[in-house]
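Survey of secondary and tertiary structure
The residues making up each chain are set out below.
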Amino acid sequence: MKITNIETILAGQRYLFVKVHTDTGLVGYGECGAWCYQEATAECIHAMEHHLIGLDPLNIEYINNGLTRCMHFRGSVVMAAISGIDIALWDLKGKYYNAPIYELLGGKVRDKARIYVNFKAKTPEDFAKKALDLKNQGYTAIRYSIGHPEDENGRCGENFSQVVYRMERQMAAIREAVGWETDIAIECHRGLTPAQAIECAHALKPYRPYFYEDPIPDNMAAMTKLTEEIDLPVATGERFINLMEFDEFMTASHVRYVRPDMCVAGGITAGKKIAALAEAKSIYIIPHNPLGPISTAACLQLDACIPNFEIQEYPVDDEGHCRLDKEMKQPFVIKNGYIQIPDGPGLGIELLDDIGTVFPFKGRYGKFVQHEDGSIVDR
């Protein structure tokens, strides 16, 4: 069996799917995670295609090594391209052997994965209402974004005390609404300074956050210092793009959870290695997953076969309803806060045949977020 060509499919706001074709007619699907640069990633894939045509798609480790070690350049766009290809090769290999990917990675250690869902709000009352709605839908873990309140000019004008006070009120309202039966995680999205992150951690501790995600920008020394000074479990790593970044950070810091994104960190091949490194350090895995069905399925295949899996991010719409069901031939099975691990060949799911037509590509390019003085807010 040989690779004949690689097809890219742009869809919706942030999707870039990869379809690896072979001379036997067997195909595999992947997804890329540099969602702000989908067109650039697609071009990168087609540049890599020249190296892959004629190769045996079952030699995944060899191909992953070639793309990461011989092409000179790295970065999120390059690694997103490699990740999409890698996931597609694993999907193809599973189909070739008529087995789910987790069987090829050593077999599963769980039948289902606990999930958390995300939500946003503006006022403490809104935070409480949305959190309770999600609890009533059966979710046992939720994560909220702290947000960046903007003034009439679209700028973030909070001072130090206002940030801390707002975050404490948000968390207090959510905890009162859902009680202690629901785990509550906090998404800071790198929006705090180290001083703010420390003071906010002290204020939030009585409410027992599940994890405190990306409180400050990706500075290894600063994050290492922060994990030494606060007593909340920190989660980070969604923007890391290779095995070495994870290893260096886990070795240097007191981080409790790491968040590999299979669609940008190097695919399932990298995800399994990152999980093994973390396991040796008693660090648990919370795969990053803000994307689509292929990303979700890739995460679940990893979740199934690693002992140090913690919980899985699951993308929903603003009302907490799954937005992936319309994009797949058969939806994921979710019950009581868990998602069933697909057990079909490869990734175990099927995209709509015409997904790029049903969900035309719109792109999502983000925006500059500014402080009141005009300087940039980290995102």
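Everything numeric in this text was worked out from a predicted model, so none of it was measured. (Residues numbered from 1 in each chain as written. Predicted model: local features only at pLDDT ≥ 70, side-chain atom pairs only at ≥ 80, totals over all residues. Heavy atoms only, no water.)

Here's the deal with the overall build of the protein chain
As a reminder of what qualifies: Secondary structure is summarised from DSSP: a helix means a run of H or I of at least four residues, a strand means a run of E of at least two, and numbering begins at the N terminus for each. The globule rule used for comparison is 2.2 Å times the number of residues to the exponent 0.38, while the radius of gyration itself is calculated over C-alpha atoms. Only protein chains enter the area calculation, which uses a 1.4 Å probe; residues under 20% of their type maximum are buried, those over 50% are exposed, and those in between are partly exposed. Should any heavy atoms of two residues lie within 4.5 Å, those residues are counted as being in contact.
Helices and strands together make up the secondary structure of the protein chain, namely 12 helices and 15 strands. On C-alpha atoms alone, the protein chain measures out to a radius of gyration of 21 Å, which is about the 21 Å that the 2.2 N^0.38 rule sets for 379 residues. With the C-alpha coordinates of the protein chain rotated into their principal frame, the extents come out at 60 × 45 × 45 Å. Taken over 379 residues, the protein chain has a buried fraction of 54%. Summarising the internal contacts of the protein chain: among those between residues at least 6 apart in sequence, 71% fall at separations of at least 24.

Considering the pairing of strand β3 (residues 27-31)
Every other side chain in a regular strand lies on the same face of the sheet, so the side chains alternate between the two faces. Keep this limit in mind: Paired strands, as defined in this entry, are two strands with at least two bridges between them according to DSSP.
For β3, a buried count of five out of five residues is recorded, marking the element as mostly surrounded by other parts of the structure. In β3, alternate side chains face the same way, and those of V27, Y29 and E31 on one face and G28 and G30 on the other are all buried. Across five bridges, strand β2 (residues 15-22) lies against β3 in antiparallel orientation. From the neighbouring strand, H21 faces β3, where its bridge partner is V27. Between β2 and the antiparallel strand that follows it, β3, lie four residues; G25 among them carries a positive phi value of about 90°.

Let's talk about empty space enclosed by the protein
The condition is simple: Two kinds of site are reported from a 1 Å grid over the protein atoms alone, namely cavities, where a 1.4 Å probe fits but cannot get out, and pockets, open sets with protein on both sides within 12 Å along at least five of seven lines, and residues are called lining when an atom falls within 4 Å of a point. Grid points are joined across faces, edges and corners, and a volume is the space filled by probe spheres set on the points. For this classification, the nonpolar set comprises Ala, Val, Leu, Ile, Met, Phe, Trp, Tyr, Cys and Pro, the charged set comprises Asp, Glu, Lys and Arg, and every other residue, Gly included, is treated as polar.
Summed over all chains, the structure comprises one cavity of 30 Å³ or more. Taken as a whole, the largest cavity encloses approximately 30 Å³ of empty space. Around the largest cavity sit Y29, D91, I294, L347, I349, E350 and L351, which together line it. Among the residues forming the lining of the largest cavity, the class breakdown is five nonpolar, no polar and two charged.

Details of the state of the cysteines
Every disulfide links exactly two cysteines, by a covalent bond between their sulfur atoms. We count it as follows: Disulfide: a pair of cysteine sulfur atoms within 2.5 Å of each other.
One pass over the full model with this rule turns up zero disulfides. Between C156, a cysteine without a disulfide, and C188, which holds the nearest cysteine sulfur, the sulfur-to-sulfur distance is 14 Å.

Considerations on the packing of helix α2 (residues 60-69) against helix α3 (residues 76-96)
Each pair of packed helices can be described by the angle between their axes along with the distance between the axes. Selection rule: Note on geometry: axes are lines fitted to C-alpha atoms, helical ones only across the stretch in contact, with angles between N-to-C directions running from 0 to 180 degrees. Oblique is the label for any angle not covered by the other classes, which are roughly parallel (under 35 degrees), roughly antiparallel (over 145) and roughly perpendicular (65 to 115).
One way to put it is that α2 packs onto α3 with a least axis distance of 10 Å and a crossing angle of 170°. The orientation of α2 with respect to α3, classified from their angle, is roughly antiparallel. Touching I60, I63, N64, L67 and T68 of α2 are M79, I82, I85, D86, L89, W90 and K93, all from α3. Partitioned by chemical class, the residues of the contact of α2 with α3 number eight nonpolar, two polar and two charged.

Brief notes about the environment of E310
Stated precisely, the cut-off is as follows: A 3.5 Å cut-off defines polar contacts: any pair of N or O atoms within that distance qualifies, except that in protein one atom must be a possible hydrogen donor and the other a possible acceptor, and neighbouring residues in sequence count only when both atoms are side-chain atoms.
Summarising the element assignment, E310 is placed in the loop between α11 (293-305) and β12 (312-313). When its relative accessible area of 23% is taken as the criterion, E310 is described as partly exposed. Taking the C-alpha atoms as reference points, E310 and I283, 27 residues apart in sequence, are found 9.4 Å from one another. Discounting residues that sit within four places of it in the chain, E310 has contacts with Y210, Y257, Y284, I285 and I286. Within the local environment of E310, its side chain forms a polar contact with the side chain of Y210, the two groups lying 2.6 Å apart.

Examining α11
For the record, the criterion: Expected helix span is taken as 1.5 Å per residue step, with the number of steps being one fewer than the number of residues.
Taking 1.5 Å of rise per residue, the 13 residues of α11 would be expected to cover 18 Å, and the 19 Å separating its terminal C-alpha atoms lies within 8% of that figure. Buried residues dominate α11, accounting for 13 of its 13 residues.

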